[in-house]
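Report on the structure
What follows is the residue order along each chain.
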Amino acid sequence: MLIAIDGPAGAGKSTVARAVADALGFTYLDSGAMYRCVALAELRGVEDPLGCEIELGGRVTLDGEDVTEAIRAPQVSARASQVAARPEVRGHLVELQREMIGNGDYVAEGRDIGTVVAPDAEVKVFLTASPQERAQRRAEQTGADLARVLAEQLERDERDETREHSPLQAAPDALRVDTTGRSVDEVVAEIARLVQAVR
Ligand code: CDP
């Protein structure tokens, strides 16, 4: 079984997807980490930027170095949404993602899981929250300046939503869940109920 969770930056995808995976005993796939790793590789001038290794539910490695934390830097976020617009990058990563989730039970999160990677996912959720709240969460997580986070987030959302290949959009059959002002537990419980209903 596959639960696809898509949505913009800061909507709560990672926290919610991890919690849903833990609650149901599913494996978690963070597809954004793959785009982030390619971005970091390019920023570092690595010879083969597509050679990142990502463990399901775990660490990200680039040329043998653990870059799980390094890929979260703001300049990597911005570069990730640029590399993610390129069809050769998407083609490669989507193929890897399909292989990874081919067998077993998964919660996969990203921008195009329910639309492109796995259009036949049994459960699809599109997580949103107000831009202000999304930026506030990210600023609290990272300690960065709120106005700056908001500006960078707007730019990244705009790029992700308007790109030609696999733009960020909700699958027509996705349940839209607005997490503004709601606790993680509430949202996780709502998704768990949805999963029980289709099981
Ligand atoms: O954690 P956050 O939502 O800020 O970002 P992320 O999920 O780690 O994704 C980083 C960037 O990778 C996004 O801004 C997208 O441009 C890109 N991405 C994508 O295009 N498709 C995915 N399935 C996942 C991420």
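Above this text is the structure in question.
Presented here is a report on the structure given in the accompanying data block. Not measured: the values here are computed from a predicted model.

One broad trend across soluble globular proteins is that nonpolar side chains are buried collectively. Counting 32 residues, the largest nonpolar core has Leu2, Cys37, Leu62, Val67, Ile71 and Ile101 as the members making the most contacts within it. Elements that contribute at least two residues to this core include exactly β1 (2–6), α2 (31–43), β4 (60–62), α3 (74–83), α4 (87–100), β6 (106–110) and α5 (113–117). Ranked by the residues each element gives to this core, the list is headed by α2, at eight residues. Once residues within four sequence positions are removed from consideration, Val67 is found in contact with Cys37, Leu40, Arg44, Val60, Thr61 and Leu62. Among the nonpolar cores identified, the runner-up in size contains 20 residues, and Ala11, Val20, Ala21 and Tyr28 belong to it.

The subject of this paragraph is the site of the ligand. As a matter of local geometry, the ligand sits amid 18 residues, with Arg36, Arg90, Asp112, Arg156 and Asp160 nearest to it. In the model, an oxygen atom of the ligand is placed 2.7 Å from a nitrogen or oxygen of the Arg156 side chain. Protein contact buries 98% of the 530 Å² of open area that the ligand shows by itself. Sorting elements by how many residues they give to the shell around the ligand places α2 first, with four residues. For the shell around the ligand, a count of residues per class yields four nonpolar, four polar and 10 charged.

For a regular strand, side chains alternate in direction, first toward one face of the sheet and then toward the other. With respect to burial, β6 is a largely interior element, five of its five residues being buried. Side-chain alternation along β6 places Tyr106, Ala108 and Gly110 on one buried face and Val107 and Glu109 on a second face that is also buried. Here β1 pairs with β6 via five bridges, running parallel. If you follow Ala4 over to β6, its bridge partner there is Ala108. Here strand β2 (residues 27–30) pairs with β6 via four bridges, running parallel. Each bridged residue has a counterpart across the sheet, and for Tyr28 the counterpart in β6 is Val107.

Our next topic: the side chain of Asp160. With respect to the secondary-structure elements, Asp160 resides in helix α7 (residues 146–162). Within the local environment of Asp160, its side chain forms a polar contact with the side chain of Arg163, the two groups lying 3.5 Å apart.

Among the secondary structure elements, Pro49 is positioned in the loop between α2 and β3 (53–54). Placed 12 residues apart in sequence, Pro49 and Cys37 show a C-alpha to C-alpha distance of 8.0 Å. Not counting the four nearest positions on each side in its chain, Pro49 is found in contact with Val38, Ala41 and Glu42.

Turning to the state of the cysteines, a few remarks are in order. Evaluated as defined, the whole model comprises one disulfide. Each sulfur in the disulfide pair Cys37 and Cys52 lies 2.2 Å from the other. Note on the Cys37 and Cys52 pair: the S-S dihedral is about -95 degrees, so by sign convention the disulfide is left-handed. Of this pair, Cys37 sits in helix α2 while Cys52 sits in the loop between α2 and β3, and the two are 15 residues apart along the sequence.

To continue, consider the sheet that holds β3. One key point about sheets: their strands pair by backbone hydrogen bonds, in either a parallel or an antiparallel sense. Spatially, three strands are ordered β3-β4-β5 in an open sheet, and the strand pairing comes out antiparallel. Two strands bound the open sheet, and with one partner strand each, they are β3 and β5 (65–66). In this fold α2 packs onto β3 and β4, with an angle of close to 25 degrees to the strand it touches most, β4.

Here is what the cut-offs are and how they apply
Every chain is numbered independently, its residues counted from 1 as its sequence is written. This being a predicted model, a pLDDT of at least 70 is required before a residue's local features are given, and a value of 80 or more before pairs of side-chain atoms are given or counted; all residues contribute to the totals for chains, interfaces and linings. Each side-chain value is derived from all of the structure's non-hydrogen atoms; neither hydrogens nor water enter the calculation. Side-chain atoms within 4.5 Å link the members of a nonpolar core, which is a set of buried Ala, Val, Leu, Ile, Met, Phe, Trp, Tyr and Cys residues. Only protein chains enter the area calculation, which uses a 1.4 Å probe; residues under 20% of their type maximum are buried, those over 50% are exposed, and those in between are partly exposed. Strands here mean DSSP runs of E at least two residues long; helices mean DSSP runs of H or I at least four residues long; both are numbered from the N terminus. Whether two residues are in contact is decided by their heavy atoms, any of which lying within 4.5 Å being enough. When at least one non-hydrogen atom of a residue lies within 4 Å of a molecule or strand, that residue is treated as near it. Any N or O atom pair separated by 3.5 Å or less is treated as a polar contact, with the protein-specific requirement of one donor-capable and one acceptor-capable atom, and with residues adjacent in sequence counted only for side-chain atom pairs. The Shrake-Rupley method, run with a 1.4 Å probe sphere, supplies the accessible areas, and residue values consider only the shown protein chains as cover. Gly is put with the polar residues, along with every residue not named as nonpolar or charged; the nonpolar set is Ala, Val, Leu, Ile, Met, Phe, Trp, Tyr, Cys and Pro, and the charged set is Asp, Glu, Lys and Arg. DSSP bridges decide pairing: two strands pair if at least two such bridges lie between them. When the sulfur atoms of two cysteines come within 2.5 Å, that pair is taken as a disulfide. Angular values range over 0 to 180 degrees, each being the angle between N-to-C directions of two axes fitted as lines to C-alpha atoms, with helices fitted over their stretch in contact.

Nothing here speaks to function; it is geometry throughout.
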